[in-house]
Amino acid sequence: MNVTCVVGARPNFVKIAPIMAELAKRGTDRRLVHTGQHYDFEMSASFFADLDLPKPDADLGIGSGTHAVQTGTAMMGLEKEFQQNTPDVVVVVGDVNSTLAAALAAVKLHIKVAHVEAGYRSGDFSMPEEVNRLVVDQISQLLFAPTPDAVENLAKEGVAGEHVVFVGNVMAETLLRNLHKVKARANYAELGLTAGEYALATIHRAENTDDECRLRAICEGFHYSSVPIVWPLHPRAKKKLEEFKLIDDLATRVKLTEPMAYLDLLNVMANARLVLTDSGGVQEESCMLGVPCLTLRDNTERRLTVDIGANRLVPIDRREIIAAVERIKNGKYPAWRAPEKWDIEVSSRIVDALSLLTARA
Ligand code: UD1
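Below, the structure is looked at part by part. (Residues numbered from 1 in each chain as written. Predicted model: local features only at pLDDT ≥ 70, side-chain atom pairs only at ≥ 80, totals over all residues. Heavy atoms only, no water.)

So, the pairing of strand β11 (residues 274-277)
For clarity, the cut-off: Type-normalised accessible area, obtained with a 1.4 Å probe on protein chains alone, sets the label of each residue: buried when under 20%, exposed when over 50%, and partly exposed for intermediate values. Numbered from the N terminus, helices here are DSSP runs of H or I no shorter than four residues, and strands are runs of E no shorter than two. When DSSP finds at least two bridges between two strands, those strands are taken to pair. By convention a crossover is right-handed if, when the strands point away from the viewer, the path from the first strand over the helix to the second runs clockwise.
Of the two faces of β11, the one carrying L274 and L276 and the one carrying V275 and T277 are both buried. With 4 bridges connecting them, strand β8 (residues 199-202) and β11 associate as parallel partners. The partner of A199 across the bridge, within β11, is L274. Note: β11 against strand β12 (residues 293-295), 3 bridges, orientation parallel. Within the sheet, the bridge partner assigned to L276 lies in β12 and is L294. Handedness of the crossover joining β11 and β12 through helix α14 (residues 280-289): right-handed.

Description of the nonpolar core
Let me state the cut-off plainly: For the purposes of this section, nonpolar cores are sets of buried Ala, Val, Leu, Ile, Met, Phe, Trp, Tyr and Cys residues that join through side-chain atoms within 4.5 Å. These domain limits were set by an automatic method or by a database of domain assignments. When checking whether two residues touch, look at their non-hydrogen atoms; a contact exists if any pair is within 4.5 Å.
Counting 61 residues, the largest nonpolar core has I16, L53, F144 and I350 as the members making the most contacts within it. Among the elements that make up this core, the one with the highest residue count is helix α1 (residues 10-25) (7 residues). Both of domain 1 (2-168 + 342-359) and domain 2 (180-329) provide at least three residues apiece to this core. Contact partners of L53, with chain neighbours within four places excluded, come to F13, I16, A17, M20, L32 and F48. Ranked by size, the runner-up nonpolar core spans 29 residues in total, among them A199, L215, A237 and L246.

What follows is the structure in structure tokens.
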């Protein structure tokens, strides 16, 4: 079996790491291709170092751009890459533009596509990630679902059968495999924070950052929160906070930092009282770490984290944000257990199914 794994953006690196390691363990012929969607050191290279990922065999250097430019440029580079190296199967992870580009480029060359994190649905078509998820799941030959509700979502869209496999959450595996390193750090203390007495915020999604009203409401909610907040700024969030002239006022109350490397962020998350986020992966990581999460969105594709009580959706409204933080500060949240198959065997289940797929072909 000859497998090409494609990554492009920060959350992809976290998801591909255990799969690359499992392929290596089994001596499988593998290639790692980076589209270059994320290119800053903190957004990309630091993750390769933290996660022991090999240097990519190819880096297409596509960089930023509109959705069409980013997806189209990645497709052109990936088409060449797949033609030259003719993989049996292309593994794509998550829901970013690079995921969509890789799946489209591969399927049009009649190369099998395996989608890791298949079946998540927010029901919100205004999110670019939702469009990417829908398309990728329709054109993939092998669908690896992280949760039972993801399997149900696929079935509702007519995607069912033995090519849909409930493998669990690969992001959880990466976290569990790195937990000893996370615990050995003290990044939160280096930032002057006290364990259990602060909130970690990560807000970067276009629907929150690019809408001035929503971003202002979030900033006001953070400003008046009774719990100190640390917010590592994604480049998009920083740009918009500056453009809307919100950053100076915010910085008087909220500790704003550069984007954090993977292990640093997890250390700050593990020691936080709560998490405020609009990211997908952070909803899952906080769930694994036992830290309550408030998701500042109208919907989530990570429904299971809400169902088990680890996560709550909070409307983008200053008073709602302040009240939700207060409730957690006062201990008003349930205890929960890690979901089924969010363990260290996820990559092993994935590679087992990949081997079956290629053996059948
Ligand atoms: C992408 C994903 C999103 C994911 C996020 C994780 C899509 C549609 N979205 O969003 O699902 O949660 O990654 O971070 O693929 N930039 C830099 N340096 C970088 C990368 C980006 O400065 O290394 C800036 C650029 O100005 C760019 C902007 O950030 O225009 C947004 O980057 P882009 O890759 O388009 O999307 P993200 O917001 O990062």
